[in-house]
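Residues per chain, in single letters:
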Amino acid sequence: MGVKRMQRAKLAAAYLLLALAAALGWLYSCLPDRVYLEPGQALYLPRFAWVEPQRGHGSQNVASTRAVGSYQTTLTLGGWLPIKTIRAVVTERPRVTVCGTPFGVKMFSEGALIVGFSEIGQADGGTSNPAKEAGLRLGDRVICIGQTRTESNDAVKEALDAAEGQSVEVVYIRSGEQKLTTLTPVWDGAAGQWRAGMWVRDSSAGVGTLTFAAEELGVFAGLGHPISDSDTGESVALRSGEIVACSIVGCTSGTIGSPGELKGKFLGTHALGSIGINGPNGVYGTLRTALPGETRELAFAQEVVPGEAEIWATTEGETPRAYKVRIEKVNDADPRRNMILRVTDPALLAKTGGIVQGMSGSPILQNGRLVGAVTHVLVNDPTRGYGIFAQTMLEHEFVEEKQWVTREEFLDMVAIAESTPGPMAVNSATYIGYKLEGVPGAAASTLAVCLPSFAVIYAISLFFDQFLQLSVVSSAFRGIQVCVVYLVLSAGLKMLKNLKKDAFSRAVLAAVLLAMVSCSVLAAVSYTHLRAHETLANL
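Attention here is on the structure that accompanies the text.

Here is what the cut-offs are and how they apply
Numbers given to residues run from 1 along each chain, matching the order in which its sequence is written. Only residues with pLDDT of at least 70 are given local features in this predicted model, and only at 80 or more are side-chain atom pairs given and counted; all residues enter the totals for whole chains, interfaces and linings. Only hydrogens and water are set aside; all other atoms, that is, all heavy atoms of the structure, feed into the side-chain values. Here, a salt bridge means any Lys or Arg side-chain nitrogen found within 4 Å of an Asp or Glu carboxyl oxygen. Helix and strand definitions follow DSSP, with helices as H or I runs of at least four residues and strands as E runs of at least two, each counted in order from the N terminus. Per-residue accessibility, obtained with a 1.4 Å probe over protein chains only, is compared with the maximum for each type, and a residue is labelled buried under 20%, exposed over 50%, and partly exposed between these values. Here, the arc refers to the directions that run from the helix axis to the C-beta atoms. What qualifies as a polar contact is a pair of N or O atoms within 3.5 Å, subject to a donor-acceptor requirement within protein and to the restriction that residues adjacent in sequence count only when both atoms come from side chains. Pairing between two strands requires that DSSP report at least two bridges joining them. In this analysis an axis means a line fitted to C-alpha atoms, helices contributing only their contacting stretch, and an angle means the value between N-to-C directions, from 0 to 180 degrees. Note on aromatic pairs: the rings of Phe, Tyr and Trp (six-membered ring only in Trp) are paired at centre separations within 6.5 Å, and the planes decide the class, stacked below 30 degrees, edge-to-face beyond 60, tilted for the rest. Lysine NZ or arginine CZ positioned within 6 Å of the ring centre and within 35 degrees of the ring normal marks a charge as sitting over the ring. The criterion is simple. A nonpolar core is a set of buried Ala, Val, Leu, Ile, Met, Phe, Trp, Tyr and Cys residues joined through side-chain atoms within 4.5 Å.

Regarding the pattern of salt bridges
Moving on, step 1. Evaluated as defined, the whole model comprises 19 salt bridges.
Moving on, step 2. Note that Arg342 is salt-bridged to Asp381, the shortest N-O span being 3.7 Å. Pair noted here: Arg342 is in strand 23 (residues 339–343) and Asp381 is in strand 26 (residues 381–389), with a separation of 39 residues, a long-range link.
Moving on, step 3. Using a relative accessible area of 27% as the deciding quantity, one classes Arg342 as partly exposed.
Moving on, step 4. Put simply, Glu38, Arg93, Arg95, Glu297, Glu303 and Arg369 are held in one network by salt bridges that share partners.

This is the structure:
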């Protein structure tokens with residue numbers, strides 16, 4: 001009897017240890033690999049309140065550090081049971097312009113995307129399909145036929161006509177891998193042309209929502225997911241593209257099993273920006289003009305918690321408004337589906353039934369900070385959908401797509417560029433150039449950014465004196481001087497509001513103000529003294 005009890009106790013202990021190991025493994029997978037902190041910010045994970053940095057001498061305590069940099073720290077249960085070693089990056093908190101405005105997308109793909117097949121009738125009554133016989137499939141991207149690069153539908157037709165029924169090599173892309181096959185066009189008597197029996201598409205257009213703009217860097221981000229072909233579901237390989245202003249003119253409400261859709265109208269042909277990336281985390285590009293929005297701080301991923309939030313979406317016209325949502329779940333493990341949202345705002349539910357197509361990219365804000373963007377709607381429940389962290393979207397262009405810098409170096413770059421003299425775009429270019437090619441790279445990238453502007457200003461300066469002699473121009477410049485004073489004071493007041501209310505920040509502010517006033521007074525006194533000497537000399 002005692003032996004059986006002992007066996008049961010051992011079995012129970014084994015099951016208990018197995019359950020504990022499974023729980024720790026689950027917790028390990030749920031915890032982030034890295035966290036970002038402001039200087040002086042405590043390392044605290046709101047979604048894992050029982051997890052804290054290791055105590056004692058096990059690792060550097062980043063919870064109290066003020067130095068910008070990257071540190072390793074070990075997360076523990078209760079401060080003593082190690083679970084996971086992560087990277088903690090201490091950096092200044094980024095600020096971006098939050099948009100929520102609709103935009104139209106015009107994209108041209110790199111190569112002709114196969115979106116369908118059609119049989120070609122033959123003189124003997126049969127049919128053939130050269131594309132299928134060559135092994136081509138739906139979703140393949142044809143980039144070359146013979147000696148012709150097929151960057152458009154017309155180029156495909158020209159290449160088939162040039163072959164005149166002879167076998168030609170076809171270069172195509174399938175699942176990111178370049179492949180080669182041979183295709184023999186056939187004559188279609190009914191159409192009067194050489195054909196391959198495939199439908200191809202070379203461009204795409206649609207409506208989405210801008211998430212944010214980092215105007216000092218001159219870039220924008222939107223959608224939170226790639227633009228995909230409507231027939232194949234494949235991501236459109238970008239050759240070129242642009243975004244234009246758009247107005248929402250209608251909406252189809254979403255129902256269970258049938259997602260709704262916003263209907264937009266492009267406003268003119270003037271491009272707001274050029275698309276540079278159509279990636280898994282969204283659409284990115286460079287700005288040609290300033291975008292409307294509000295400047296907000298960006299929330300780090302570990303700061304996003306289940307609870308009340310809001311999305312900025314445009315369901316009519318061009319102006320976004322805030323709607324209430326609830327973040328039901330937050331997930332660090334999935335690289336893109338980081339949040340599950342539920343729309344709770346009665347106005348949005350009445351207007352659209354929840355989340356609809358075209359709202360992708362709508363900014364998600366919590367506690368006044370940008371936390372992410374809406375990306376998908378759940379087809380079986382249109383009131384719910386997925387969201388991606390804003391932190392992930394901001395990192396994407398520099399880190400994942402172009403691989404210029406690491407995640408830690410990217411935020412270091414933002415902090416350094418904001419804190420050093422000169423425009424942020426120039427400082428960022430210098431930093432990236434140095435990371436890629438050292439001092440020559442820094443010099444080349446800095447010159448590349450500065451020289452065009454310098455050349456334009458220099459050209460203007462050659463005629464500036466004659467231009468300034470016009471009474472209308474000189475009067476305008478006197479008026480501009482007043483505006484400049486207002487803009488400088490306005491920027492200063494905004495920065496003062498965001499200043500940390502601690503002794504160190506106040507001391508730095510007081511020292512800077514004292515230095516500025518002292519230098520100004522000294523300059524005025526020196527100028528007066530020199531003028532006095534000039535007067536005496538003239539006597």
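Next, the rest of the story.
Re helix 3 (residues 153–163)
Moving on, step 1. Regarding helix 3, the residues found buried are Ala155, Val156, Ala159, Leu160 and Ala163. Taken end-on, helix 3 shows its buried residues confined to a sector of 135°, consistent with a single buried face. The exposed residues of helix 3 that point more than 90 degrees off its buried face are Asp154, Glu158 and Ala162.
Moving on, step 2. One or two steps after helix 3, the chain reaches Glu164, where phi turns positive at roughly 50°.

Description of the side chain of Asn278
Moving on, step 1. As for its placement among the helices and strands, Asn278 is situated in strand 18 (residues 261–279).
Moving on, step 2. Here Ile227 takes part through its backbone nitrogen, which lies 2.7 Å from a polar atom of the side chain of Asn278.

Observations regarding the sheet that holds strand 22 (residues 321–330)
In a beta sheet, neighbouring strands pair by backbone hydrogen bonds and run either parallel or antiparallel.
Moving on, step 1. Spatially, the six strands close up into a barrel ordered 21-22-23-26-25-24, and their pairing is antiparallel. Within this sheet the neighbouring strands show an average axis-to-axis angle of 45°, counted without direction.
Moving on, step 2. Alignment of strand 24 (residues 363–366) against strand 25 (residues 369–378), held across four bridges, turns out to be antiparallel. Its bridge partner being in strand 25, Leu365 is matched across the sheet by Leu370.

Some thoughts on the packing of aromatic side chains
Moving on, step 1. Throughout the structure, instances matching the rule amount to three aromatic pairs.
Moving on, step 2. Aromatic side chains Tyr36 and Phe300 sit 6.0 Å apart centroid to centroid with 40° between the ring planes, which places their arrangement in the tilted category. Taken as a pair, Tyr36 in strand 1 (residues 34–37) and Phe300 in the loop between strand 20 (294–297) and strand 21 (307–313) lie far apart in primary sequence, 264 residues in all. Phe300 matches Tyr36 in its accessibility class, with the two residues each being buried.
Moving on, step 3. Each ring, one from Trp187 and one from Trp194, has its centre 5.3 Å from the other, and the planes form 75°; the classification is edge-to-face.
Moving on, step 4. Judged by relative accessible area, Trp187 falls into the partly exposed class, the value being 43%.
Moving on, step 5. Lying over the aromatic face of Tyr28, Lys84 brings its terminal NZ or CZ to 4.7 Å of the ring centre.
Moving on, step 6. Its guanidinium or amino end placed over the ring of Phe300, Arg93 lies 4.5 Å from that ring's centre, counting from NZ or CZ.

Some points on the sheet that holds strand 4 (residues 81–90)
Moving on, step 1. Taken in spatial order, the four strands line up as 1-4-3-2 in an open sheet, and their pairing is mixed. Taken across any chain shown, the strands that pair with only one partner, and hence form the sheet edges, are strand 1 and strand 2 (51–53). Each adjacent strand pair in this sheet contributes to an overall mean axis angle of 40°, direction not counted.
Moving on, step 2. As judged from the four bridges shared by strand 1 and strand 4, these two strands associate in the parallel manner.

Considerations on the nonpolar core
Moving on, step 1. Judged by nonpolar contacts, the single largest core of 24 residues is most densely connected at Val304, Ile311, Ile327, Met339, Met359 and Ile364.
Moving on, step 2. Elements supplying a minimum of two residues to this core: strand 21, strand 22, strand 23 and strand 25.
Moving on, step 3. The element best represented in this core is strand 22, accounting for four residues.
Moving on, step 4. Within the second largest apolar cluster, 18 residues are counted, among which are Ala112, Val156, Ala163 and Val170.

The values are spatial; any link to function lies outside them.
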